Amino acid sequence: MNKSRIIGFSLGPIGSAFIGFISLPVLAWLFSAEDIGRITMLQIFSSLSVIVFSLGLDLAFVREYHESNDKSRLLRSSFIPGFLFIICILAVIIISSPFLLSELFFSIKSAQYSMLIILCFVAVFFLRFFSLILRVQERGVAYSMSQIFPRFVFIFLVLFCFLFKKDPIFKDLLMAQTTSVCLAVLIFSWVIRRDLCAAVKVKLDRCILVKLLKFGLPLVIAGLASWGMTAMDKLFLRSIVNLSELGVYSIAVSVAAAVGVVTSIFNTVWAPIAFKWTAEGGGLKRLMRYLNIWLLLFVCCLLLLDCFLGLFLFFCQITILK
């Protein structure tokens, strides 16, 4: 991977962090801390839904992409099981208890809010696979845009709502969040239309599916553990404080999360390269060539940054609990 592609992949985390930094004062100015706490809960469980409903097949798709001779069949075999799973589970939930999701996330009894949550979950699931296609094809700029575009549309819709509505309510914030993700799905489905059309024409291969599940299902547990480490603080606070205090904490965490931009860039670029080297052969030699003292120094610096970030979040929690 050349420098231009690395820069292309870097635009996503950097641009997302920049837009997030701009959106913080806007959201804090226009909406109450309680509303920000509610939208934070939606974002937390949106990431959880991708981990659970994808069945680890998204990561298996990245692993097998460069070794597969039929990439269209691989895409279909990776996408369809998770898609059917999420549709069935969410359909059962909305039929059995239309107010369950809205009460769980927002402490508001509303079937309309529950439907918007479901729509958001499904759109995030689609966008996850669309972005992975761009990632493994090393289309760095397009992949970065798939991260930046929803955030940009979200803040644009929030400002647009403020201009035409004097007193925005939480429904406006939820609509902006759902619309931004759905619009991103439509845009990037056009960007990868050739891959999607090719995947529609082939049949699901059971042998490929079994192979993908063997690789992906154990990673669901790892994904849940990783999600728990990043989201447990907010879930813990949600259980002992109100949504308003959770919103204040979320704003503080969002400011501190900018430190993780470098880590995000490394994770985005490294995994496809490692799997590609494995498929081409000689991956171990290339790997050892990069595992030198400079990489060790880089990891140590990241560790120190994470330690300072953890201390900052700890003091934020203590302040809120007081």
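This section reports on the structure supplied with the text.

Reading the values: rules and limits
- Residues numbered from 1 in each chain as written.
- Predicted model: local features only at pLDDT ≥ 70, side-chain atom pairs only at ≥ 80, totals over all residues.
- Heavy atoms only, no water.
- Phe/Tyr/Trp six-rings, centres within 6.5 Å; stacked < 30°, edge-to-face > 60°.
- Helix = DSSP H or I, 4+ residues; strand = E, 2+ residues; numbered from the N terminus.
- Buried < 20%, exposed > 50% of the residue type's maximum accessible area, 1.4 Å probe, protein only.
- Lys NZ or Arg CZ within 6 Å of the ring centre and 35° of its normal.
- Expected span 1.5 Å × (residues − 1).
- Bend = angle between axes of the 7 residues up to and from the residue.
- Core = buried A, V, L, I, M, F, W, Y, C linked by side-chain atoms within 4.5 Å.
- Contact = heavy atoms within 4.5 Å.
- Axes fitted to C-alpha atoms, helices over the stretch in contact; angles between N-to-C directions.
- Parallel < 35°, antiparallel > 145°, perpendicular 65-115°, else oblique.
- Nonpolar A, V, L, I, M, F, W, Y, C, P; charged D, E, K, R; others polar.

Regarding the packing of aromatic side chains
Next, step 1: Here the structure, examined in full by the defined rule, presents 17 aromatic pairs.
Next, step 2: Consider the rings of F53 and F85, whose centres lie 5.4 Å apart with planes at 70°: the pair is edge-to-face. Taken together, the positions of F53 in helix α2 (residues 33–53) and F85 in helix α4 (residues 71–96) put the pair 32 residues apart, joining distant regions of the chain.
Next, step 3: For F53, a relative accessible area of 9% puts it in the buried group.
Next, step 4: Residue classification places F85 among the partly exposed residues on the basis of a relative accessible area of 29%.
Next, step 5: A connected cluster of aromatic rings, assembled from ring pairs, spans F45, F105, F106, Y113, F121 and F170.
Next, step 6: Of note, R38 hangs over the ring of F170, and the distance from its end group to the ring centre comes to 5.6 Å.
Next, step 7: Stacked on the ring of W190, the Lys or Arg R193 has its end atom at 4.0 Å from the ring centre.

Comments concerning unusual backbone geometry
Most peptide bonds take the trans form, and the phi angle of most residues other than glycine is negative.
Next, step 1: The phi dihedral of L55 is positive, around 60°, even though this residue is not glycine.
Next, step 2: Its place among the elements puts L55 in the loop between α2 and α3 (57–64).
Next, step 3: With a phi angle near 60°, S107 is a residue other than glycine that sits in the positive phi range.
Next, step 4: Position of S107 among the secondary structure elements: in the loop between α5 (100–106) and α6 (111–136).
Next, step 5: On the basis of relative accessibility, which here comes to 46%, the residue S107 falls in the partly exposed class.

A short note on helix α7 (residues 140–164)
Next, step 1: Along its 25 residues, α7 runs 36 Å from first to last C-alpha, staying within 8% of the 36 Å computed at 1.5 Å per residue.
Next, step 2: Of all the bends in α7, the greatest reaches close to 30° and is centred on I148; the proline P150 follows between one and four positions later.
Next, step 3: Residues G140, Y143, S144, S146, I148, P150, V153, F154, I155, V158 and C161 constitute the buried set of α7.

Considering the nonpolar core
Next, step 1: L42, F61, F106, F121, V158, L173 and L174 are the most contacted members of the largest nonpolar core, which totals 65 residues.
Next, step 2: Per-element accounting of this core gives the leading share, 17 residues, to α6.
Next, step 3: Each residue touching V158, except ones within four places of it in the same chain, is listed here: V26, L27, L30, F31, L173 and A176.

Comments concerning the packing of α6 against α7
Next, step 1: With their axes 8 Å apart at the nearest point, α6 and α7 run at an angle of 150° to one another. By the criterion of interaxial angle, the relationship of α6 to α7 is roughly antiparallel. From α6, L127, S131, L134 and R135 reach across to α7, where they touch A142, Y143, S146 and P150.
Next, step 2: Looking at the contact of α6 with α7 residue by residue, the classes come out as five nonpolar, two polar and one charged.

Let's talk about the packing of α4 against helix α9 (residues 193–201)
Next, step 1: Two numbers describe how α4 lies on α9: the axes approach to 8 Å, and their chain directions differ by 80°. With respect to their mutual orientation, α4 and α9 come out roughly perpendicular. Note on element contacts: α9 touches α4 through D195, A198, A199 and V200, opposite S72, L75 and R76.
Next, step 2: By residue class, the composition of the contact of α4 with α9 is four nonpolar, one polar and two charged.

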